[in-house]
Amino acid sequence: MIIRKLVVGPLQENCYIIGDEKTKEALIIDPGDEPDRIIEAVKKEGLNVTSIICTHGHFDHMGAIGDIKRETGARVLVHKEEMELYEAAKDQAALWGYSVDDIPPPGGFINEADEIKVGSLLFKVLYTPGHSPGGICLYGEGVVFTGDTLFHGSVGRTDFYGGNISKLKESFRRLMSLPENTRVYSGHGDETTIGTEKKENAFTEEFMSN
Ligand SMILES: [Zn+2]
Ligand SMILES: [Zn+2]
């Protein structure tokens with residue numbers, strides 16, 4: 001499995017390119033900005049991108065969706081509960097003082113337990129609301145991509161529109177139930193593992209108690 005991480009944009013968002021080494025099929029998670037760098041990385045690996053997964057509808061995760069879609073023809077997938085934020089992402093960026101290109105509508109919705117195939121790789125959608133209403137994680141092949149639900153040492157904010165602390169707590173518990181050696185790739189910051197976060201995350205004690 002090929003996993004390339006690119007830190008993009010002013011909010012230092014992690015965009016991931018995941019590819020099957022044999023078939024060269026690939027998906028991109030959260031192309032937030034700097035489409036040229038993302039496309040260059042895709043070409044360097046000789047990958048054929050078939051899906052763009054949007055973990056949630058914050059603009060720092062979405063700014064390059066239009067360009068990547070145009071360049072690759074890949075379909076954009078997002079959870080239905082996230083559509084209000086998805087459609088507001090451009091305005092939201094403007095409020096923060098940034099500008100992003102028009103974001104095309106998604107090509108389909110992803111739901112809890114949906115399977116995403118990338119060549120011979122198989123990932124499952126985990127519905128993990130809390131940071132936003134329709135946030136998802138993608139789990140499979142010993143790794144989990146957690147968007148802004150879980151970071152190394154922390155969790156996503158719940159004070160944005162649609163955030164919900166009790167849902168985030170539930171989503172956090174769910175992620176902590178994955179095998180401890182699962183590698184965690186977050187929307188911001190460094191790679192970690194579920195086991196490390198169980199021990200070291202600043203929210204573990206509060207979120208895992210009743
Ligand atoms: Zn976010
Ligand atoms: Zn973010």
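Here, the structure is the one placed above.
To keep things clear, this report deals only with the structure shown in the data block.

Once that is clear, we can look at the side chain of aspartate 60. Note that aspartate 60 resides in the loop between strand S4 (48–53) and helix H2 (65–72). The charged side chain of aspartate 60 is buried without a salt bridge, its nearest counter-charge being arginine 157 at 9.8 Å. A polar atom in the side chain of aspartate 60 sits 3.1 Å from the side chain of histidine 188. In contact with aspartate 60, other than residues within four places in its own chain, are Leu11, Glu13, Gly32, Asp148 and His188.

What follows covers the coordination of the zinc ion (ligand 1). Surrounding the zinc ion (ligand 1) are the protein donor atoms His56 (NE2), His58 (ND1), His131 (NE2) and Asp148 (OD), at 2.1 to 2.4 Å. Geometry at the zinc ion (ligand 1) is irregular, judged from the four donor atoms that bind it and their angles of 91 to 170° at the metal. Taken as an interatomic distance, the gap from the zinc ion (ligand 1) to the zinc ion (ligand 2) is 3.5 Å; aspartate 148 donates to each of them. Placement of histidine 58 in the loop between S4 and H2 and of aspartate 148 in the loop between strand S10 (143–147) and strand S11 (150–151) is noted, with a sequence separation of 90 residues between them. Summarising the burial analysis for this pair, histidine 58 and aspartate 148 share the class buried.

This part is about the sheet that holds strand S3 (residues 25–29). In space, the six strands of this open sheet follow the order S1-S2-S3-S4-S5-S6, with mixed pairing throughout. Looking at which strands have only one partner, the edges of the open sheet turn out to be strand S1 (2–8) and strand S6 (108–109). Here strand S5 (residues 75–78) pairs with S6 via two bridges, running parallel. Within S6, the position partnered with leucine 77 by the bridge is glycine 108. Sheet strands in contact with helix H1 (residues 35–44) are S1, strand S2 (13–19), S3 and S4, and its direction is about 165° off that of S1.

This part is about the coordination of the zinc ion (ligand 2). Every protein donor of the zinc ion (ligand 2) is listed here as Asp60 (OD), His61 (NE2), Asp148 (OD) and His188 (NE2), and their distances to the metal cover 2.1 to 2.4 Å. Metal-centred angles of 88 to 159° between the four donor atoms at the zinc ion (ligand 2) mark the site as irregular. Counting along the primary sequence, the residues that act as donors to the zinc ion (ligand 2) give the motif D-H-x86-D-x39-H. The buried category is assigned to histidine 188, whose relative accessible area is 18%.

This part covers the side chain of serine 132. On the secondary structure map, serine 132 appears in the loop between strand S8 (121–127) and strand S9 (136–140). Assessed through its relative accessible area of 1%, serine 132 is described here as buried. Here the side chain of serine 132 touches glutamate 82 through a polar contact of 2.8 Å, side chain to side chain. When neighbours within four sequence positions are excluded, serine 132 is seen to be in contact with His56, Glu82, Leu85 and Gly162.

Most of S9 is tucked away: four of the five residues are buried. Where S8 and S9 come together, four bridges link them in antiparallel fashion. Considered in S9, the bridge of leucine 126 is made with cysteine 137. Where S9 and S10 come together, three bridges link them in antiparallel fashion. What sits directly across from leucine 138, in S10, is phenylalanine 145. Once S9 ends, the chain turns through two residues before running back antiparallel as S10, passing glutamate 141 with a positive phi of about 55°.

Our next topic: the packing of aromatic side chains. Evaluation of the coordinates by the stated rule reveals nine aromatic pairs. Plain terms: the ring middles of tyrosine 16 and tyrosine 185 are 5.4 Å apart, the flat faces sit at 70° to each other, and that makes the pair edge-to-face. Placement of tyrosine 16 in strand S2 and of tyrosine 185 in strand S13 (residues 183–186) is noted, with a sequence separation of 169 residues between them. With respect to burial, tyrosine 16 and tyrosine 185 carry one shared label: buried. Judged by centre distance (5.3 Å) and plane angle (50°), the rings of phenylalanine 203 and phenylalanine 207 are tilted. Given the relative accessible area of 1%, phenylalanine 207 is considered buried.

What counts as what
- Residues numbered from 1 in each chain as written.
- Chains lettered and ligands numbered in written order.
- Predicted model: local features only at pLDDT ≥ 70, side-chain atom pairs only at ≥ 80, totals over all residues.
- Heavy atoms only, no water.
- Helix = DSSP H or I, 4+ residues; strand = E, 2+ residues; numbered from the N terminus.
- Buried < 20%, exposed > 50% of the residue type's maximum accessible area, 1.4 Å probe, protein only.
- Lys, Arg positive; Asp, Glu negative; His and termini not counted.
- Salt bridge = Lys/Arg side-chain N within 4 Å of Asp/Glu carboxyl O.
- Polar contact = N/O pair within 3.5 Å; in protein donor to acceptor, adjacent residues only side chain to side chain.
- Contact = heavy atoms within 4.5 Å.
- Donors = N, O, S within 2.8 Å, 3.2 Å for Na, K, Ca; no water.
- Tetrahedral: all angles 85-135°; square planar, octahedral: opposite > 155°, others 65-115°.
- Pairing = 2+ DSSP bridges.
- Axes fitted to C-alpha atoms, helices over the stretch in contact; angles between N-to-C directions.
- Phe/Tyr/Trp six-rings, centres within 6.5 Å; stacked < 30°, edge-to-face > 60°.

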